[in-house]
Structure formats: structure tokens, C-alpha cells
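Fold and contact review
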Amino acid sequence: MKRVFSGMQPTGDLHLGNYIGALKRFIPLQEEAECFFCVVDLHALTVPRDPEELRSKTLELAGLYLAAGLDPERSALFVQSHNPAHSEGAWLLQCITRMGELGRMTQFKDKGKGSDSATAGLFSYPVLMAADILLYQADLVPVGEDQKQHLELTRDLADRFNRIYGEVFKIPEPQIGETGARIMALDNPEKKMSKSADSSLNSIQLLDDPDLILKKFKRAVTDSENRIRYDRENKPGISNLLDIHSVMTGESVDSLVERYRDKGYGHLKIDTAEAVIQELKPLQERFRDVMESGEVQRVLARGAERAREVAGETLSRMQQAMGLVSK
Ligand code: AQP
């Protein structure tokens, strides 16, 4: 059976981009693979956070995984910091990582903005991500397009480690969706939808109520051509709406373009909002039930136990291969 690993940061409210690019795609993978899904709280510390908020967002994110359909009987759901192997494995991998390759990571350049006060954690975060994945000997890593570069680094580090110290790691494959791998911001379709955006009109949050979802779609930035066609470069706003609509309803982008050809942008915006509202309604209801049931902590404890078992085995092999004396 194949292994799957993926994680999401508890850094704010999960948005439609996180859902389409990652969370929604996790659920069917449970049918065919042994899955490890993680709330990557250590990654969240790379920029300053309010401790209380981080704690509550961590539990909320775990609740959203469950509400989206993660089955704890089949998959391990856990919090990254509950498995110390991630930090230990990351250190060992840092010792074979080159400063130059981390300096080329676009997310560091975007978030660090070239400032001297960017943290060492932000700089080395892709190595922690590599450890997250490699410790589970994952075959597949479902992620959005923005993580492609980090996945390439993960593969390079696994390959380098295997060449220097002998075969320890499986080389994982990224699994990036064909449609919706990069959902763009509603208020600026040149940029990706993001948790850390300043404006509330940037994103649809998974727990937004229907009125707010409709309002945000109605205000979505498009263009002045008033003709519906798919062209990500010249019509990023309309193409983004078509991508979202397509993933929500399963109708192909080509068929949507055909159907909306003679209709205005307003129609497309309202129907896309409606499709999102319908998709999120059951998730929002289940989320409320899950959070009230008090089962989240129990699921996380069980998931962490399984995660420690599997990752611990790989960590021991890394330590042994690198010449550390066994305990
Ligand atoms: N806009 C997006 N479209 C498609 N997929 C996306 N992902 C993120 N944004 C989009 C995917 O969601 C998963 C979890 O992401 P993360 O929690 O690691 O956060 P991130 O990639 O740093 O993205 P955010 O949500 O924009 O957070 P901030 O603002 O804190 O950087 C990943 O698989 C990611 O690819």
C-alpha cells in the first residue's frame, strides 16, 4: 500500500485555496493509501504568533480535517510538535543542506523580504518540511502548486542523503491537482489566495457564512472585457472563477465556458458562490459537531502514537547511517 503525507499550517483561517489545492484532495486518497495528515504547528512558529491563538487554531485545523472527511480509523491525524522526530530529523537533514539552495526558495524571498530580521526558522523551514515527508517514507505528497519548489528540495535532500550514507529514504512524488492547484485571491487575481493577506476580501474562508461568501464573490475583481473565456494570463479573475466553479461542481472548464458564453460576469460570480456555499455547508455542519464532541484531542493522541512509531523507525536509520551511537 502506498503512503501519503501532507500537512497544513495552523496560521489563520483555512481558505478555499487550501481546501481545493490540498484538503479536498486528501479525502479520496484514504481509499487507496495509508495516510498521515499533520497540523504543522512548528512551521507556524517561523513568524511571530500569539500563543493562545496558535493553540486554538491548531485544534480548529484538526477539526476541519475531520469535518472535511478525514477518517481517523483509516488515517493518522496528528500535531507535528507531538512527534519530536520531526525536529530531530530536520537537524540531521540541515547538516546536508546548502545555504545556497535555501536562499533560492521563493517563499523565503517573499516572506523574508530580504530583511536581516527574518528568522533562521523561516530560512530553514523547507528542511523541516523535507523531514516531515521523508520520515514517513511517503510515496505521494498532495499539495498546491506553491509547494512544488519545496518538494523538489525534499527529493534532492533524500537523494543526497541516500548517496552519502546509503539507502534510507524513499523519493516522494508531489501530487498537484490539474485544476485549482493555485487558487488566486478574489481581490487580486495576480496573487494566490493566502491566509496571511491583509484584506478580508482576499479569500473565502471555509467557515464563512453563505451571505459573506456571496458578498465576496460579487466583489471579486475581474476585467472589463465582459466576455467569458479561460485565459489565466490575460483574464486571471474570470479564469480563477471558472477553476473554482469547475472543482466545486465537477463540470469541466470547457463546458462552463460554453454554458456561460452569452451570460455576464454577474451570473458566473453568483453561480460560483452558490456552488461553494453548497460544497461548504455539510463541512460547516460537521465542523460544529466535531468541535462539540470533544473527540479532536483523542484523535490527535492516537494519530501521534502511530506517527511516532513510523517516523521513529526512519529516524533511527538516519542516526545509525550518520554514525550516531545507538541508545
Ligand atoms: N491559493 C492556493 N491555491 C491552492 N493551494 C493552496 N495552498 C495554499 N494556498 C493555496 C495549499 O494548501 C496547503 C496548506 O498550505 P499551508 O498551510 O502550508 O500554507 P501556505 O502554503 O503557506 O499557504 P497560505 O494558506 O497562503 O498561508 P500563508 O499566508 O501563511 O502563507 C498546501 O498544500 C498549499 O500548497
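Read on for a plain summary of the structure. (Residues numbered from 1 in each chain as written. Predicted model: local features only at pLDDT ≥ 70, side-chain atom pairs only at ≥ 80, totals over all residues. Heavy atoms only, no water.)

Turning to the pattern of salt bridges, a few remarks are in order. Pairing of side chains with opposite charge becomes possible as their charged atoms draw close. Considering all chains together, one arrives at 23 salt bridges under this definition. The partner of Glu101 in a salt bridge is Arg160, and the shortest N-O contact between them spans 2.6 Å. With Glu101 in helix H5 (residues 99-103) and Arg160 in helix H8 (residues 148-165), the pair connects residues that are 59 residues apart, well separated along the chain. In this structure, the salt-bridge partner of Asp223 is Lys235, at a minimum N-O distance of 3.0 Å. With Asp223 in the loop between helix H9 (210-218) and helix H10 (236-249) and Lys235 in the loop between H9 and H10, the pair connects residues that are 12 residues apart, well separated along the chain. On the basis of relative accessible area, Asp223 is assigned to the partly exposed category, the value being 25%. The network of salt bridges with common partners includes Asp223, Glu225, Arg229, Asp231 and Lys235. (Salt bridge = Lys/Arg side-chain N within 4 Å of Asp/Glu carboxyl O. Helix = DSSP H or I, 4+ residues; strand = E, 2+ residues; numbered from the N terminus. Buried < 20%, exposed > 50% of the residue type's maximum accessible area, 1.4 Å probe, protein only.)

Close to the ligand lie 22 residues; Lys111, Asp146, Ser194, Lys195 and Ser196 are nearest. If the ligand stood free it would expose 640 Å²; the protein chains cover 97% of that surface. Residue contributions to the shell around the ligand peak at 4 residues, all from helix H1 (residues 16-29). Class assignment for the residues of the shell around the ligand results in 6 nonpolar, 11 polar and 5 charged. (Near = heavy atom within 4 Å. Areas by Shrake-Rupley, 256 points an atom, 1.4 Å probe, with all protein chains shown as cover. Nonpolar A, V, L, I, M, F, W, Y, C, P; charged D, E, K, R; others polar.)

Here the focus is the side chain of Thr97. For Thr97, the position within the fold is in the loop between helix H4 (85-94) and H5. What makes Thr97 buried here is its relative accessible area of 15%. Among the polar contacts listed, one links the side chain of Thr97 to the backbone oxygen of Leu93, at a separation of 2.7 Å. The contacts of Thr97, once residues within four sequence positions are left out, are Leu102, Val127, Leu157 and Arg160. (Polar contact = N/O pair within 3.5 Å; in protein donor to acceptor, adjacent residues only side chain to side chain. Contact = heavy atoms within 4.5 Å.)

The biggest cluster of nonpolar side chains holds 58 residues, and the ones touching the most others in it are Leu16, Leu23, Tyr65, Leu77, Phe217, Met248 and Val276. Broken down by element, the residue count for this core peaks at 10 residues, all from helix H12 (residues 265-293). Other than its neighbours up to four places away in sequence, Val276 contacts Leu16, Ile204, Ile213, Phe217, Ile244 and Met248. By size, the runner-up hydrophobic cluster in this structure holds 41 residues, among which are Leu92, Met105, Leu134 and Val310. (Core = buried A, V, L, I, M, F, W, Y, C linked by side-chain atoms within 4.5 Å.)

Let us now look at H4. Buried within H4 we find Ala85, His86, Gly89, Ala90, Leu92 and Leu93. Projected down its long axis, H4 carries its buried residues within an arc of 160°, all on one side. Turning to H4, the residues buried within the fold contact strand S1 (2-8), strand S3 (76-79), helix H7 (120-134), H8 and helix H13 (296-322). (Arc of directions from axis to C-beta.)

Now for the packing of H9 against H12. Taken N-terminus to C-terminus, the directions of H9 and H12 make an angle of 150°; their axes are 9 Å apart at the nearest point. When the interaxial angle is binned, H9 and H12 end up roughly antiparallel. Once H9 is placed against H12, the crossing between them reads as right-handed. Between H9 and H12, the contacting residues are Pro210, Ile213, Leu214, Phe217 and Lys218 on the first element and Lys269, Ile270, Thr272, Ala273, Val276, Ile277 and Leu280 on the second. Class assignment of the residues belonging to the contact of H9 with H12 gives a composition of 9 nonpolar, 1 polar and 2 charged. (Axes fitted to C-alpha atoms, helices over the stretch in contact; angles between N-to-C directions. Parallel < 35°, antiparallel > 145°, perpendicular 65-115°, else oblique. Left-handed = near helix turned anticlockwise from the far one by under 90°.)

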